[in-house]
Amino acid sequence: MTALDDKINERFPGLVVRKDLVKAVKGNAIVPSYVLEFLLGQYCATNDESSIQSGIETVKEILRKHYVHRNEAGLIRSNIREKGRWKVIDKVSVDLNTDKDAYEATFANLGIKKVIIDSDTVKAHPKLLVSGVWCIADVEYEHSEDKNVEPWILGSIKPIQLSKFDYEAFLGARAGFTTDEWIDLLFQTVGFDPEMFGRRSKLLQLMRLVPFVERNYNLIELGPKGTGKSHIFSEFSPHGILISGGEVTVPKLFVNNSSGKIGLVGYWDVVAFDEFAGRQKRVDKALVDIMKNYMANKSFSRGVETLGAEASMVFVGNTKHNVPYMLKHTDLFEELPEKYYDSAFIDRLHTYVPGWEIDVIRGEMFASGYGFVVDYLAEILRHMRNDDYSNRYQALFTLSADISTRDRDGVNKTFSGMMKLLFPADNATEAEVEEILHLAVEGRKRVKDQLLRIDSTYPETDFSFTAQDGRKVVVKTLEETEYPQYYHKRAAGHDGPTPESTGDVKGASTSNVVQPAAEAKTDAVGPREGHKVFSENQKGVTFADLFWPWLNGATNIVLTDPYIRMFHQLRNLMEFIEMIAQHKAPEDEMTVHLITCADEGYPEKQQSNLIAIEAAAEAAGIKFSWEFDGTNTIHARHLVTDRGWKISLDRGLDIFQKFELNDAFNLANRLQAYRQVKAFEVTYLLKGDAT
């Protein structure tokens, strides 16, 4: 166990579970994770290995005996008949039989219907009336000569969800974690290994939880297949429901005017639409109109009566094209069904999560550490829906007056939700508040910038905020930074100024330049001094672009980096050598000298790898050598050439996020431009005569 796992168990005893246990007990049971974790929380909420193993066997036995597989339903029904009573785990839904004036339950997997259930139970758990709830139930069998009487009797029923929790204890325990630790705890709770993701990627994925903690929050996430977009909404919480985008009707979602029955938005905290994208999908225009009104006003009509609801709306779907293609030819909403490809609908979205920034999920990305029993966290998040944190930045930052009321609402709701998730006790530093506010503004800006492409009536907006000291923070989306030559396209007939017309768009640069006047670039004159800032998840960054213009013509290069020890760091060094070999003239020789620190754990392995790099470099006319700093105290990372250039690297060569090293068919493994980078900065200084 890690130190974080120890702290998690210490601060939240009995409320956390090791996340890899879900797979260990699931087998072929088709049940949501929160159902399994409910059981694991009863028997495995500990860090004692022997208790865990014993608990796993207990949970497996419970599932074996009581979970109803559809293909074994006949056997279970027989057991109930023969024994008179049997406990089952199944999804139960309830309908009102008006002819009998009685509520009747249906067991989805067990295949029995018209089981009488008392009205008090239905009143206590109204979601039984809509789409069903996973329950642990005692079912009895009593034969009757009357063919009109069903033999099935419901002895007891318990929905699988937490019965109570101590919110003040939750807040007190949160105080024992740093922000990074808390983010990792939440990340492990949703099932992923935090070591495999950067901070921005973690925050983007945690934004998927905001609909659970904010009322009437409208989120969309479009991106490539396999990034886990729908996982949280199908597996994470008993208060959310995932439905296919093609199965939605007005009666199912809002209200059946003939029966008066309220739809999903009246019973669930989150209604998520899976596979929402697809231009060819058939959509009822009346549904779109009602949905637009609900997303804007939190209400819908039933005849002459207007009803309100609190359900957040989530739309997830796959994109067919990559980001630069969409920005050049269409827009980032191109895959919406035709009737949803409407500026009024899009404008009601509070944020757009960039699904293309989230890596395709691989087996090694799943968590093996401890996280909350998801049902516990789901109840905490539901409790916090009553709170409003949207004003927590206002003492520190002021949004641009140019931001409209609807834009401001989107920013505020996203900010409020993320603050509740990360800082429920309101203990964020100014820098942390700025980080969350920046993310919230960016999410709404992504929506608005695409609206400018779709509808010429929308005005340009200054998405920025100002700190107390007067510092102005201008927010850009990552795709705006990566593809500025395509990003600022506007709808036909747009009269407002565009970055193209004002000359603000730079060339196709991969850097997010903080100070344009100090931009490090090359042109006919040659490389220049400057500073570059790169955002986490940015792509298109290569060693050749970063270094070669400043290394070209040099015969001697000294690289100082204390962290050339682990395999991926040594691989980065080898790729640096490869870059030089590819760009220098074959007849030229160059010397590359490394100053680093010895690996105290595996010095022999480190040296053998450096010797291998030396041999490989020699074949390309590159004389590679190295030395270990005797004090092991160097921290600076930089390159110095004999032509006077010094390149300061805050991360050294370690700029790329983890990727699949063993996949020969992964472009990221073969080409640096297809890798996501960590956040880093580079400074170019001319220390001497470079002529």
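Residues numbered from 1 in each chain as written. Predicted model: local features only at pLDDT ≥ 70, side-chain atom pairs only at ≥ 80, totals over all residues. Heavy atoms only, no water.

Concerning the sheet that holds strand 19 (residues 556–560)
Pairing within the open sheet is mixed, and its seven strands lie in the order 18-24-23-22-19-20-21. What marks the edges here is a single partner per strand, and that holds for strand 18 (530–534) and strand 21 (622–628). Taking each pair of neighbouring strands and ignoring which way they run, the sheet shows an average axis angle of 15°. As judged from the four bridges shared by strand 19 and strand 22 (residues 638–641), these two strands associate in the antiparallel manner. Across the sheet, residue Val-558 finds its bridge partner in strand 22, namely Val-640. (Pairing = 2+ DSSP bridges. Helix = DSSP H or I, 4+ residues; strand = E, 2+ residues; numbered from the N terminus. Axes fitted to C-alpha atoms, helices over the stretch in contact; angles between N-to-C directions.)

A word on the packing of aromatic side chains
Applying the stated criterion to the full structure yields 40 aromatic pairs. Residues Tyr-167 and Phe-170 carry aromatic rings whose centres are separated by 6.0 Å and whose planes lie at 20° to one another, so their mutual orientation is stacked. Here Phe-170 and Tyr-167 lie together in helix 7 (residues 167–174), a separation of three residues that amounts to about one turn. The pair Tyr-167 / Phe-170 is uniform in exposure class, with both members buried. Aromatic side chains Phe-372 and Tyr-376 sit 5.5 Å apart centroid to centroid with 50° between the ring planes, which places their arrangement in the tilted category. For Phe-372, a relative accessible area of 0% gives the class buried. (Phe/Tyr/Trp six-rings, centres within 6.5 Å; stacked < 30°, edge-to-face > 60°. Buried < 20%, exposed > 50% of the residue type's maximum accessible area, 1.4 Å probe, protein only.)

Focus: the side chain of Lys-445
Structurally, the position occupied by Lys-445 is in helix 18 (residues 430–454). With residues near it in sequence (within four places) discarded, Lys-445 still touches Phe-463, Val-475, Lys-476, Thr-477, Glu-480 and Tyr-487. (Contact = heavy atoms within 4.5 Å.)

Concerning the sheet that holds strand 13 (residues 351–354)
Within the open sheet, the five strands sit side by side as 8-9-12-7-13. Their pairing is parallel. With one partner strand each, in any of the chains shown, strand 8 (240–244) and strand 13 form the two edges of the open sheet. Mean inter-strand twist for the sheet, computed between neighbouring axes without regard to direction, equals 20°. Pairing analysis gives four bridges linking strand 9 (residues 270–274) to strand 12 (residues 312–318), with the strands arranged parallel. Within strand 12, the residue paired with Val-270 across the bridge is Ser-312.

Description of unusual backbone geometry
Backbone phi values are negative for most residues with the exception of glycine, while trans is the configuration of most peptide bonds. Even without being glycine, Asp-101 reaches a positive phi, approximately 55°. On the secondary structure map, Asp-101 appears in the loop between strand 2 (85–97) and strand 3 (102–107). You can call Asp-101 exposed: its relative accessible area is 65%.

Some thoughts on the layout of surface pockets
Using a probe with the size of a water molecule, rolled over the atoms, empty space left in the structure can be pinpointed. The space that makes up the second largest pocket amounts to roughly 970 Å³. In terms of lining residues, the second largest pocket is bounded by 39 residues, among which Trp-356, Lys-539, Tyr-674, Arg-675 and Gln-676 are the most central. Secondary structure elements with two or more residues in the lining of the second largest pocket: helix 14 (323–329), helix 19 (478–482) and helix 25 (667–670). Broken down by class, the residue content of the lining of the second largest pocket amounts to 17 nonpolar, 11 polar and 11 charged. (1 Å grid on protein atoms, 1.4 Å probe; cavity = no way out; pocket = protein on both sides within 12 Å on 5 of 7 lines; lining within 4 Å. Points joined across faces, edges and corners; volume = space filled by probe spheres on them. Nonpolar A, V, L, I, M, F, W, Y, C, P; charged D, E, K, R; others polar.)

Some thoughts on a nonpolar patch on the surface
Together, Leu-667, Leu-671 and Tyr-674 give the surface a local cluster of nonpolar side chains, amounting to about 290 Å² of exposed area. Mapping Leu-667 onto the fold places it in helix 25. Accessibility expressed as a relative area gives 44% for Leu-667, which makes it partly exposed. (Patch = residues over 30% accessible without salt bridge, like charges linked within 9 Å, V, L, I, M, F, W, Y side chains within 5 Å. Areas by Shrake-Rupley, 256 points an atom, 1.4 Å probe, with all protein chains shown as cover. Salt bridge = Lys/Arg side-chain N within 4 Å of Asp/Glu carboxyl O.)

Digging into the pattern of salt bridges
As enumerated under the stated definition, the model contains 44 salt bridges in all. Two residues, Glu-442 and Arg-200, come together in a salt bridge whose shortest N-O distance is 2.6 Å. Of this pair, Glu-442 sits in helix 18 while Arg-200 sits in helix 9 (residues 199–206), and the two are 242 residues apart along the sequence. Taken as a pair, Glu-442 and Arg-200 share a single burial class, namely buried. The salt bridge involving Lys-292 is made with Asp-289; its shortest N-O contact spans 3.8 Å. Taken together, the residues Lys-292 and Asp-289, both in helix 13 (residues 285–297) and three residues apart, mark about one turn of the helix.

Regarding helix 5 (residues 73–83)
Those residues of helix 5 that fall on the buried side of the exposure criterion are Ala-73, Ile-76 and Ile-80. Taken around the axis of helix 5, the buried residues stretch over an arc of 65°, which confines them to a single face. Exposed residues on helix 5 whose side chains face more than 90 degrees from its buried face are Leu-75 and Glu-82. Here the buried face of helix 5 lies against helix 4 (49–66), strand 2, strand 5 (133–141) and strand 6 (152–159). Among the residues trailing helix 5, Gly-84 stands out with phi positive, at a value near 90°. (Arc of directions from axis to C-beta.)

Here's the deal with the pairing of strand 4 (residues 112–117)
Note: strand 3 against strand 4, four bridges, orientation antiparallel. Within the sheet, the bridge partner assigned to Tyr-103 lies in strand 4 and is Ile-117. Hairpin geometry of strand 3 and strand 4 is characterised by an intervening segment of four residues between the two adjacent antiparallel strands and by a positive phi of about 80° at Gly-111.

With respect to the environment of Ser-201
Inspection of the secondary structure assignment puts Ser-201 in helix 9. Assessed through its relative accessible area of 3%, Ser-201 is described here as buried.

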